[in-house]
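The chain contents come next:
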Amino acid sequence: MSTVNHHPESSMLVDFSAGNLATAPSICVSAHLHFCNQCRNELLRLDQVGSNLMSEVEPTEVGEHLFDSVMSQIDQLPESDTAEVSSTSDMADSRYPLLVNKLINGSESVPKWRRLSRWLDVAQVTTGQNEYEVALHKICAGGKTPRHNHGGQEFTVVLKGSFSDEQAVYKEGDFLSCQPGDVHQPLGAQNGECICLSALAAPIELSSPFGFLMKPWLRINPM
Amino acid sequence: MLGFTIKLVDENEEPSKKTVLLSTEKRSDQWSMLLVSVAETRDRRAFSQLFTHFAPLLKSFAQASRHEGWFPGLSEDLVQEVMIKVWQKSASYNPEKASATTWIYTVARNCRIDMLRRKSNTQHLPLENEDFWHEADEETPVSLMRQKRSEDKVQSCLARLPKEQDEILRKVYLEGKSHAEASNELGLPLGTVKSRVRLALQKMQILVAPEFRDEIL
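Residues numbered from 1 in each chain as written. Chains lettered and ligands numbered in written order. Predicted model: local features only at pLDDT ≥ 70, side-chain atom pairs only at ≥ 80, totals over all residues. Heavy atoms only, no water.

S.K.: Just checking my understanding: could you explain the sheet that holds strand 6 (residues 163-164) of chain A for this structure?
M.R.: Hydrogen bonds along the backbone pair up the strands of a sheet, which may run parallel or antiparallel. Residues and elements named next belong to chain A. Across the sheet, which stays open at both edges, the 3 strands sit in the order 7-6-10 with antiparallel pairing between neighbours. Only two strands of the sheet have a single partner each, and these edge strands are strand 7 (169-170) and strand 10 (187-188). Here 2 bridges tie strand 6 to strand 10, and the two strands are oriented antiparallel to one another. Bridge assignment links Ser164 to a residue of strand 10, and that residue is Leu187. (Pairing = 2+ DSSP bridges. Helix = DSSP H or I, 4+ residues; strand = E, 2+ residues; numbered from the N terminus.)

Shown next as structure tokens:
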């Protein structure tokens, strides 16, 4: 039974279903879907909308040799193309969405935890786009992260454990969307570390007096 | 009864004679059965029937794209890529979860993104597009009845949507515009675009009104 309480807004799922969502937000939506039965069902029905619209279009005749061309390409296909990624990084976890493990293991540079503060580690992953910085964050049990403002949109999915902010408690699979101007202070749950995946569009601003000390590490660095 | 028969003929792109007599359910299952047959016995005849039906639809779908960097010359490339994927991935098709048409739509959508990404991106992306739609193993399929019911609901509601809702859905799904792009293009506030889509989805019972969401699901 799904216990996910926080979901992406419906327009994001629609854009995802139509294939119009940018890579980094798509990664977050996809990670959420792994945990969320409700959104998976919604997506299935959204795909039906796309498929109905596609099958209603006036068909266009294809070139007469197209079928033969497809068949000859099929005849040249290698037998099997299933290359499983072997788990190399201990950052990967079998309970994570496959795509997250692939990002961790398939990055050009192996992601490594970097300490941002006593309570917070970050590991950037390569996603081949430059609009968002995609990273894993680890909040220690009971950890306090700096209170921060969002200069740009940020999407977060909880992969493991839980954290809370002024608004709510976020557990495995929960999806958060922070708009520019939102201020919050995530706190790690007491009973264990919390790992999140996030995509951040622009640098966040720290609103605590000593926040500037961390600024250099929080600069956006898409890769 | 007459109305019903005409509707069937109308919707049916296949010129075949017998299909007119088949029930709607059988007819839509026809593609699914062919696809299963491709998966199980590598049935080339079945594949050729799927090709005859879907390739022209896929070509139109490709031509509808208004993505930046997309041009009509790519349309047949997309058709080929999709049909090859259909052959390759047919084993992962689960008829209990979706109709063949819906499954092929998802393959087409993914191929379209892949082609756009290959064109615009030189950087390394450790993911293939299908990874984004990878399903959890423990997935419990929706019952065939429920899936069928929801497909019918979507189909009949789509046909009766007010013009302004239909227009946006087409922009989003066929032209490939995001909500934000559609709002720019139509000169409408983003909120209006989102609420029109939401209304359409509620009619199709895809989206449960937020206040009922928790009770129903």
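S.K.: Would you take a moment to explain the layout of surface pockets for this structure?
M.R.: With a probe scaled to a water molecule rolled over the atoms, the places where space remains empty come into view. One number sums up the size of the second largest pocket: a volume of about 1400 Å³. Elements represented by at least two residues in the lining of the second largest pocket include exactly helix 1 (10-18), helix 2 (23-35) and strand 8 (175-178) of chain A together with helix 5 (100-120), helix 8 (179-186) and helix 9 (190-203) of chain B. Residues of the lining of the second largest pocket, tallied by class, amount to 14 nonpolar, 21 polar and 13 charged. In this structure, the lining of the second largest pocket is formed jointly by two domains, domain 1 (25-123) and domain 2 (142-217) of chain B, each of which donates at least three residues. (1 Å grid on protein atoms, 1.4 Å probe; cavity = no way out; pocket = protein on both sides within 12 Å on 5 of 7 lines; lining within 4 Å. Points joined across faces, edges and corners; volume = space filled by probe spheres on them. Nonpolar A, V, L, I, M, F, W, Y, C, P; charged D, E, K, R; others polar. Domains from an automatic or database assignment.)

S.K.: Would you mind showing me how to read helix 5 of chain B here?
M.R.: Residue pairs three or four apart in sequence face the same way in an α-helix, which turns once every 3.6 residues. In a regular helix each residue adds 1.5 Å, so 21 residues correspond to 30 Å; helix 5 of chain B covers 30 Å between its end C-alpha atoms and thus fits that length. With 18 of 21 residues buried, helix 5 of chain B is to be regarded as a mostly interior element. (Expected span 1.5 Å × (residues − 1). Buried < 20%, exposed > 50% of the residue type's maximum accessible area, 1.4 Å probe, protein only.)

S.K.: It is not clear to me how the packing of helix 3 (residues 37-56) of chain A against helix 5 of chain B should be interpreted in this structure. Could you clarify?
M.R.: Two packed helices can be described by the angle between their axes and the distance between those axes. Packing of helix 3 of chain A against helix 5 of chain B leaves a shortest axis separation of 8 Å and a crossing angle of 90°. The orientation of helix 3 of chain A relative to helix 5 of chain B falls into the category roughly perpendicular. Contact residues: A:Asp47, A:Gln48, A:Gly50, A:Ser51, A:Met54 and A:Ser55 in helix 3 of chain A; B:Thr101, B:Thr102, B:Tyr105, B:Thr106 and B:Arg109 in helix 5 of chain B. Among the residues forming the contact of helix 3 of chain A with helix 5 of chain B, the class breakdown is 2 nonpolar, 7 polar and 2 charged. (Axes fitted to C-alpha atoms, helices over the stretch in contact; angles between N-to-C directions. Parallel < 35°, antiparallel > 145°, perpendicular 65-115°, else oblique. Contact = heavy atoms within 4.5 Å.)

S.K.: Honestly, the side chain of A:Lys102 in this entry has me stumped. Any pointers?
M.R.: In this structure, A:Lys102 sits in helix 5 (residues 98-106). We classify A:Lys102 as buried; its relative accessible area is 13%. At a separation of 3.0 Å, a polar atom in the side chain of A:Lys102 contacts the side chain of B:Asp131. (Polar contact = N/O pair within 3.5 Å; in protein donor to acceptor, adjacent residues only side chain to side chain.)

S.K.: Explanation requested: the interface of chain A and chain B in the structure shown.
M.R.: Interfaces are often sized by the accessible area lost when the parts come together. Facing the 64 residues of chain A at the interface are 71 residues of chain B. Both sides together, the interface formed by chain A and chain B hides about 6300 Å², and carbon and sulfur atoms give 62% of it. It is A:Arg45, A:Leu53 and A:Met54 that lose the most area in chain A upon contact with chain B, and together they represent 11% of the buried surface on that side. In this assembly, chain A and chain B are joined by 5 salt bridges. For the salt bridge of A:Asp75 with B:Arg44, the shortest nitrogen-to-oxygen distance reads 2.6 Å. Across the chain A-chain B interface, the total number found is 26 residue pairs in polar contact (both at pLDDT 80 or more). (Buried area = accessible area lost by both parts, 1.4 Å probe. Salt bridge = Lys/Arg side-chain N within 4 Å of Asp/Glu carboxyl O.)

S.K.: Looking at this structure, I do not really get the nonpolar core. What am I missing?
M.R.: Side chains of a nonpolar character, in soluble globular proteins, are inclined to be buried together. In terms of nonpolar packing, the biggest core is built from 102 residues, with B:Leu169, B:Tyr173 and B:Met204 touching the most fellow members. Viewed by domain, this core spans two of them, domain 1 (25-123) and domain 2 (142-217) of chain B, each represented by three or more residues. Excluding its chain neighbours within four sequence positions, the residues that come into contact with B:Leu169 are A:Val49, A:Leu53, B:Leu158, B:Leu161, B:Leu174, B:Val197, B:Ala200 and B:Met204. Core analysis: the second largest hydrophobic core is formed by 13 residues, A:Val122, A:Ile139, A:Leu176 and A:Cys196 among them. (Core = buried A, V, L, I, M, F, W, Y, C linked by side-chain atoms within 4.5 Å.)

S.K.: Looking at this structure, I do not really get the environment of A:Ser198. What am I missing?
M.R.: Residues and elements named next belong to chain A. Assignment of secondary structure puts Ser198 in strand 11 (residues 194-200). The class for Ser198 is buried, based on a relative accessible area of 3%. Each C-alpha atom of the pair Ser198 and Glu154 lies 6.9 Å from the other, and the pair is 44 residues apart in sequence. The residues contacting Ser198, other than those within four sequence positions of it, are Cys28, Glu133, Val134, Ala135, His137, Glu154, Phe155 and Thr156. A distance of 3.3 Å separates a polar atom in the side chain of Ser198 from a polar atom in the side chain of His137.

S.K.: Can you help me understand unusual backbone geometry in this one?
M.R.: In most cases, non-glycine residues show a negative phi, while peptide bonds are predominantly trans. All names here are of chain B. The phi torsion at Arg42 lies on the positive side, around 50°, for a residue other than glycine. Assignment of secondary structure puts Arg42 in the loop between helix 2 (24-41) and helix 3 (44-64). The partly exposed category is assigned to Arg42, whose relative accessible area is 37%.

S.K.: How do you make sense of the sheet that holds strand 2 (residues 120-124) of chain A when you look at a structure like this?
M.R.: Residue and element names in this part refer to chain A. With antiparallel pairing, 6 strands are arranged side by side in an open sheet as 1-2-3-11-5-8. Edge positions in the sheet fall to strand 1 (114-115) and strand 8, since each of these pairs with one other strand and no more. Sheet analysis places strand 5 (residues 154-160) next to strand 11, joined by 6 bridges and oriented antiparallel. Note on strand 11: the bridge partner recorded for Val157 is Leu197.

S.K.: Before we go on, may I ask you to explain the pattern of salt bridges in this structure?
M.R.: For side chains of opposite charge, pairing can occur when their charged atoms come near one another. Considering all chains together, one arrives at 16 salt bridges over all chains under this definition. One salt bridge in this structure joins A:Asp121 and A:Arg115, with 3.0 Å as the shortest N-O distance. Assessed through its relative accessible area of 54%, A:Arg115 is described here as exposed. Through salt bridges with shared partners, a single network forms among B:Lys171, B:Glu175, B:Lys177 and B:Glu185.

S.K.: Just checking my understanding: could you explain the packing of aromatic side chains for this structure?
M.R.: Aromatic rings in a pair are described by how distant their centres are and how their planes are angled relative to each other. If you walk through the whole model with that rule in mind, you get 10 aromatic pairs over all chains. Taking 6.4 Å as the distance between ring centres and 35° as the angle between the ring planes, the aromatic pair formed by A:Phe67 and B:Phe47 counts as tilted. Taken as a pair, A:Phe67 in helix 4 (residues 66-75) and B:Phe47 in helix 3 lie in two separate chains rather than in one. Judged by relative accessible area, A:Phe67 falls into the partly exposed class, the value being 23%. (Phe/Tyr/Trp six-rings, centres within 6.5 Å; stacked < 30°, edge-to-face > 60°.)

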